[in-house]
Amino acid sequence: MGKNRRRSALTKSIQAAILRNPDQFKKTTLGRLLAFFTLFHVKLIKHEQQLFQKLRREIWQFDEDEYHASFRTTSGQPPLKPMGDLGYSGSTFFGTLDGRYVIKSIPRHFEYTFFQSDLLEPYYDHMREHPDSMLVWITDYLIAPYSTLGTVLSFTPAHHIIMENILCGKSDDPASERWETYDLKPLEYFYPERDLVPEPLVSEDTLDRLADQFNDKLFLSTEDCNRFMEAMRQDTKFLEDANAVDYSMFLVRIPATSTPEVLGRQSPWRAGIPSADGKWKYRAVILDFFWAKHKLHAQALSGVVQTFNVVGRQGPMSITTTSTDYREKFLAMVEGMIEIR
C-alpha cells in the first residue's frame, strides 16, 4: 500500500511539473515550511527549463504541443505508467502512456550533482554541435525546490530526468514481439555480482541487471559503419573529457519490415539504420553517463576495490577505471560487433 501511494504521488508530481507554467511557481517561507512535513507529495519544478526547451525545439525539432500532450491524461487514467525499480542505483522508472518518453529518478547525490553542476551545460553545447549525437536525448530535468521529510529520508527522489524512449513505436508494431534489446558494456571488467558470488546464490533479477551480451553482428554498409563509429568517437570523447565511466550502449534490433514512429529529428540512430543483410533495423543510444570518477563516492569505491584487488587479484571495475581506459574498451566493444557488407 505504501509503495503504491508513493508511486501515485510521485507520478502526479512529475506530471504537474511538466505541465505547470514555471512563472506560476514562487518560493515562499510558508511554502518551504509546509513542504518539509510531506513524505510522498513532493513539489517538483523544471530546472534550466529554457535550455531544455531550446534543445527540444531548435536541435531535436520536437513539437512542443505534442511533447506536453504525452504527459496529459484524461480522468481515470494514471499520470504515468511504472516501469519498475531497475538497476543498482535504486532508480525508479516511469513511462508516458503513449510510450514516447521515460522518466528516470536520480537518487544518488554524486550522480545528480555531477549532471547538474558539471555536465548539463557541456551536454547542451555538445548537442548543439552534434544534433545527431548518440547520447540519449534528455528533454527535461526536474528537481524539488524544497527539502521535505520524504526526500531527506530517501522515501521520495527529488531529481528526475525526462528522456526519449528509444522503444517508441513498439507497442503499435504488429511485429513488436520480434523486437530485441541489449544493454551493452565492455565485459572485460570485474563485476562483483558476476565474479565473486557463486552462481546459485545470484538471483535471476540480479543477473538480468548485468550487462547483456550480443552474440551476433551488426551488418552495416561501409558508409553506415563510418557514420556510426564517428558518432561513437565524438560522443565518447565528450564523456571522457567529462571524466565519465560506466555508460552503456542500448541497442534495439527491429524487423526490417517495421516502420515505428520516430520522435522529432529523423536521426539515423533513432529512425533505425538498415542492416546490410536486409533483415533488421538498428536503433542505438548511449545511456547512464552520470558516474564521474572525480566525485567522492566514486573515489572512495575505487580505493575499496584497489584494496580488495591486492588480495583478490581481480581486474578493475567499470566504475573505478579511468575514463580513457573505459572509452577505449567501449569503442573496441562496438567495433568488434560490426561486420561490413
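Cut-offs and rules
Residues numbered from 1 in each chain as written. Predicted model: local features only at pLDDT ≥ 70, side-chain atom pairs only at ≥ 80, totals over all residues. Heavy atoms only, no water. Helix = DSSP H or I, 4+ residues; strand = E, 2+ residues; numbered from the N terminus. Buried < 20%, exposed > 50% of the residue type's maximum accessible area, 1.4 Å probe, protein only. Contact = heavy atoms within 4.5 Å. Areas by Shrake-Rupley, 256 points an atom, 1.4 Å probe, with all protein chains shown as cover. Phe/Tyr/Trp six-rings, centres within 6.5 Å; stacked < 30°, edge-to-face > 60°. Lys NZ or Arg CZ within 6 Å of the ring centre and 35° of its normal. Salt bridge = Lys/Arg side-chain N within 4 Å of Asp/Glu carboxyl O. Core = buried A, V, L, I, M, F, W, Y, C linked by side-chain atoms within 4.5 Å. Domains from an automatic or database assignment. Expected span 1.5 Å × (residues − 1). Bend = angle between axes of the 7 residues up to and from the residue. Pairing = 2+ DSSP bridges. Axes fitted to C-alpha atoms, helices over the stretch in contact; angles between N-to-C directions.

A. Highlighting the overall build of the protein. Of the regular secondary structure elements, the protein holds 12 helices and 14 strands. Taken across its 341 residues, the protein has 50% of its residues classed as buried. Long-range pairs, those at least 24 residues apart, make up 77% of the contacts in the protein with a sequence separation of at least 6. Carbon and sulfur atoms form 51% of the exposed surface of the protein, whose accessible area is close to 16600 Å².

B. Just the packing of aromatic side chains, in detail. Throughout the structure, instances matching the rule amount to 17 aromatic pairs. Grouping aromatic residues by their ring pairs yields a cluster made of Trp 60, Phe 62, Tyr 67, Phe 71, Tyr 101 and Trp 137. Above the plane of the ring of Trp 280 lies Arg 253, whose end atom (NZ or CZ) is 4.3 Å from the centre. Directly above the aromatic system of Phe 219 lies the positively charged group of Arg 341, at a separation of 4.0 Å from the ring centroid.

C. Seen up close, the pattern of salt bridges. Enumeration according to the criterion identifies 19 salt bridges in this entry. Notably, a salt bridge pairs Arg 56 with Glu 64, separated by 2.8 Å at the nearest N-O pair. Here Asp 325 ties to Lys 329 by a salt bridge, and the two come within 3.0 Å at their closest N and O atoms. Of this pair, Asp 325 and Lys 329 are both found in helix 12 (residues 323–337), 4 residues apart, which corresponds to roughly one turn of the helix.

D. View of the nonpolar core. Counting 91 residues, the largest nonpolar core has Phe 228, Met 249, Leu 251 and Phe 289 as the members making the most contacts within it. Shared between two domains, this core holds at least three residues of each, these being domain 1 (1–165) and domain 2 (171–340).

E. Local environment of the side chain of Thr 11. Note that Thr 11 resides in helix 1 (residues 2–19). Residue Thr 11 is classed as buried on the basis of its relative accessible area, which comes to 4%. Not counting chain neighbours up to four residues away, the residues in contact with Thr 11 comprise Pro 79, Leu 80 and Phe 94.

F. Molecular detail of helix 5 (residues 109–129). With 21 residues, helix 5 extends 29 Å between its outermost C-alpha atoms, agreeing within 8% with the 30 Å of an ideal straight helix rising 1.5 Å per residue. Along helix 5, the largest kink reaches about 60° and is centred on Leu 119; proline Pro 122 follows within four residues of it. Here helix 5 has its buried residues at Phe 110, Glu 111, Tyr 112, Thr 113, Phe 114, Phe 115, Leu 119, Leu 120, Tyr 123, Tyr 124, His 126 and Met 127.

G. Main features of the sheet that holds strand 7 (residues 180–184). Read from one edge to the other, the open sheet built from 4 strands follows the order 7-10-12-11, with strand pairing classed as antiparallel. Every interior strand has two partners, whereas the edge strands, strand 7 and strand 11 (273–274), have only one. Each of strand 10 (248–255), strand 11 and strand 12 (280–287) is contacted by helix 9 (residues 222–241), which is oriented at about 10° to strand 12, the strand it contacts most.

H. Structural view of the environment of Tyr 101. Within the secondary structure, Tyr 101 is located in strand 4 (residues 101–105). The class of Tyr 101 is buried, set by a relative accessible area of 3%. Spatially, the C-alpha atoms of Tyr 101 and Tyr 67 are 9.1 Å apart, while their sequence positions differ by 34 residues.

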